[in-house]
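Each chain, written out:
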Amino acid sequence: QVREYLNRNDFGDLRVEISDESEQLLDTGGGLKKAGWFFDDAKPFLLHNVDVVSSLDLREIYNTHLKKAPLATLAVSDRSTGRNLLFDDEGLLRGWMNRKSGETRPVGVKVESLHPYAFSGIHVIDPSIFDLIEEKGRFSLIELYLRLSTGANIMAYVHDSSKWLDIGTPAALEKANREIPNDFFD
């Protein structure tokens, strides 16, 4: 359906490509790695999960990334979730925590000294990340970020004033269609 839609419509100067995962789903990291050829202009790029809707100002997160120049800038917020990314006082990624199981990564990280945030599925990434990917096949970008966080700056962009919804299930999408107010994106 996506291919049919793209073929039926004219997008002007917008470059639209498909990175086909019909043979194997590659998760967020594997999918990005497979599509790496697309990001050949050496400019940071915005990656936005398709199953979230947000009023976050995309220009602002992009410009913040340009100004601070980390490897990646992750949109996060202080909301209830089962898993949190953990950031230090400078806003740099230092770990991950599963609130339900108590598991932390790296093992032994002192959670008390870090700030837990929920990841929003929106990132700005420097294309130099492709030189650092060692993983093969299916893998998570979060796992990659955790591995790289000891040697690379992966920064939090806190957007608590923005609205955010997960629409990753049919029920969540139906609920969002009923409940998103007209001023959601204002």
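Heads up: the structure comes first, above all this text.
On a predicted model such as this, the values are computed, not experimentally measured, just so you know.

Visitor: So what's going on with the layout of surface pockets? Residues and values would help.
Guide: Considering only enclosed or pocket space, the largest pocket measures out at about 1,800 Å³ in volume. Where the lining of the largest pocket is concerned, the elements lending two or more residues are helix H1 (2-8), helix H2 (27-34), strand S1 (45-48), strand S4 (83-87), strand S7 (115-125), helix H4 (141-148) and strand S9 (164-166). It is S7 that contributes the most residues to the lining of the largest pocket, five residues altogether. Broken down by class, the residue content of the lining of the largest pocket amounts to 23 nonpolar, 14 polar and 11 charged.

Visitor: If you had to explain the nonpolar core to someone new, which residues and values would you point to?
Guide: The biggest cluster of nonpolar side chains holds 27 residues, and the ones touching the most others in it are Leu74, Phe87, Ile125, Ile129 and Tyr145. Counting residues per element, the ones that place at least two in this core are strand S3 (72-77), S4, strand S5 (93-98), S7, H4 and strand S8 (154-158). In terms of residue count, the dominant contributor to this core is H4 (six residues). Residue contacts for Leu74: discarding those within four places in its chain leaves Leu85, Phe87, Phe119, Ile122, His123, Tyr145, Ile154, Met155, Ala156 and Tyr157. With seven residues, the next largest nonpolar core counts Val52, Ile61, Ala75 and Val124 among its residues.

Criteria and thresholds
Residues numbered from 1 in each chain as written. Predicted model: local features only at pLDDT ≥ 70, side-chain atom pairs only at ≥ 80, totals over all residues. Heavy atoms only, no water. 1 Å grid on protein atoms, 1.4 Å probe; cavity = no way out; pocket = protein on both sides within 12 Å on 5 of 7 lines; lining within 4 Å. Points joined across faces, edges and corners; volume = space filled by probe spheres on them. Helix = DSSP H or I, 4+ residues; strand = E, 2+ residues; numbered from the N terminus. Nonpolar A, V, L, I, M, F, W, Y, C, P; charged D, E, K, R; others polar. Core = buried A, V, L, I, M, F, W, Y, C linked by side-chain atoms within 4.5 Å. Buried < 20%, exposed > 50% of the residue type's maximum accessible area, 1.4 Å probe, protein only. Contact = heavy atoms within 4.5 Å.

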